[in-house]
Amino acid sequence: MQTTSIKLLTVVTESVLAERLTRAIKAAGATGYTVTPAKGCGSRNQRSSSIGGDNVQIEVLATEDLAAHLLDMLVRDWFPHYALVAWLTTVEVVRGEKYAGSLPAHP
Amino acid sequence: MQTTSIKLLTVVTESVLAERLTRAIKAAGATGYTVTPAKGCGSRNQRSSSIGGDNVQIEVLATEDLAAHLLDMLVRDWFPHYALVAWLTTVEVVRGEKYAGSLPAHP
Amino acid sequence: MQTTSIKLLTVVTESVLAERLTRAIKAAGATGYTVTPAKGCGSRNQRSSSIGGDNVQIEVLATEDLAAHLLDMLVRDWFPHYALVAWLTTVEVVRGEKYAGSLPAHP
């Protein structure tokens, strides 16, 4: 089976932010995402509700370019204001071209 | 601590398919799996319920051979008919031999 | 965007153990974790409730040293007694120094 290396972006944040954040992720070019309910206890204490509170884990498959673009967006627009943890994992998929999304012309 | 590289197969699909799919995964040789409830919004629109609907995320630890066998099964029997996203991640475990499963003699 | 490679430790176990295990993970130096509810069916049958029972998936971002320390702790104190599956994934984060935790002086 021929596979392609792409990126999995995982973001953990407060559940109250899930809708806004997934909207921002789609607006930034992602074609899909998965949201899982979670509880968390984090190292960043900007929001008291982030300590043991209701979180979500958002996962997005993306090409390397799109993943970098999404991470830039998170670091610029979200990290300064919200309790957010994000990481990239290299994964293999069967049809990598599906996850190219539609990158803005001038990201 | 001595670790071994094996594969983590992750499948996201509609929750109504969870039972049939995990049965197929076990029949294909996997020794265990984890199922997590999720919400999703995907790039494949074969099923209307895949847009914002109830999904599950199924994770299976498997040796490289078993993971390839499981991926082949998904691509052959599931991808043509269902809204399904799957990816492989290389992970490290303490005792890799546990995850060899029981590959059919003639896969 | 400058990223750093660190480890993601994932542990799947029975939900009744979640609180004790996350306490042990924090005591071992981790600065945060995410807990996701899951159902599982595993290859280890020490506990009958591990077959199709209520599980949790615990995820911890950690530097390589802290991850090795956490894995040692699991293998020494938890694997002999409980139904537990654990794996390490290499992931990239924006600020790796956040996940160094506070390793005990004599681990």
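As the structure is a computational prediction, the values presented were derived from the model and not from experiment. (Residues numbered from 1 in each chain as written. Chains lettered and ligands numbered in written order. Predicted model: local features only at pLDDT ≥ 70, side-chain atom pairs only at ≥ 80, totals over all residues. Heavy atoms only, no water.)

Draft legend 1. Just the relation of the copies chain C and chain B, in detail. Overlaying chain C on chain B yields an RMSD of 0.0 Å, the required transformation being a rotation through 120° with an accompanying axial translation of 0.0 Å. What we have between these two chains is a three-fold relation. Little of the interface of chain C is mirrored in chain B, where only 17% of its interface residues again form contacts. (Least-squares fit on C-alpha atoms with pLDDT ≥ 70 in both. Contact = heavy atoms within 4.5 Å.)

Draft legend 2. Molecular detail of the interface of chain C and chain B. Counting residues at the interface gives 23 residues for chain C and 22 residues for chain B. A buried area of about 1,700 Å², summed over both sides, lies between chain C and chain B, and 58% of it is on carbon and sulfur atoms. Taken together, chain C and chain B are joined by one salt bridge. In this structure, Lys7(C) engages Glu92(B) in a salt bridge whose closest nitrogen and oxygen atoms are separated by 3.0 Å. Viewed at the interface, chain B and chain C are joined by five residue pairs in polar contact (both at pLDDT 80 or more). Here the side of chain C that touches chain B gets seven residues from one element, more than from any other, and that element is strand β4 (residues 84-93) of chain C. In terms of residue class, the side of chain C that touches chain B is made up of 12 nonpolar, seven polar and four charged. Summarising the sheet, strand β2 (residues 33-41) of chain B and strand β2 (residues 33-41) of chain C pair through three bridges and their orientation is antiparallel. What sits directly across from Thr34(B), in β2(C), is Gly40(C). (Buried area = accessible area lost by both parts, 1.4 Å probe. Salt bridge = Lys/Arg side-chain N within 4 Å of Asp/Glu carboxyl O. Polar contact = N/O pair within 3.5 Å; in protein donor to acceptor, adjacent residues only side chain to side chain. Helix = DSSP H or I, 4+ residues; strand = E, 2+ residues; numbered from the N terminus. Nonpolar A, V, L, I, M, F, W, Y, C, P; charged D, E, K, R; others polar. Pairing = 2+ DSSP bridges.)

Draft legend 3. Region of interest: helix α1 (residues 18-27) of chain B. All names here are of chain B. Along α1, the residues that are buried comprise Ala18, Leu21, Thr22 and Ile25. The arc that holds the buried residues of α1, viewed along the axis, is 95°, so those residues lie on one side. Residues of α1 that are exposed and angled more than 90 degrees away from the buried face: Glu19, Arg23 and Ala27. Count one or two residues on from α1 and you reach glycine 29, which has phi positive near 120°. (Buried < 20%, exposed > 50% of the residue type's maximum accessible area, 1.4 Å probe, protein only. Arc of directions from axis to C-beta.)

Draft legend 4. Representation of the environment of Gly32(B) in the model. By secondary structure assignment, the location of Gly32(B) is in the loop between α1 and β2. In contact with Gly32(B), not counting residues within four places along its chain, are Val60(B), Cys41(C) and Gly42(C).

Draft legend 5. Quick look at the interface of chain B and chain A. Across the boundary between the two partners, chain B contributes 23 residues, which contact 22 residues of chain A. If you look at where chain B meets chain A, you find one salt bridge. One can count five residue pairs in polar contact (both at pLDDT 80 or more) joining chain B with chain A. Of all the secondary-structure elements, those providing two or more residues to the side of chain B that touches chain A are β1 (4-14), β2, α2 (64-78) and β4 (84-93) of chain B. It is β4(B) that provides the largest number of residues to the side of chain B that touches chain A, a total of seven residues. Looking at side-chain class alone, the side of chain B that touches chain A contains 12 nonpolar, seven polar and four charged residues.

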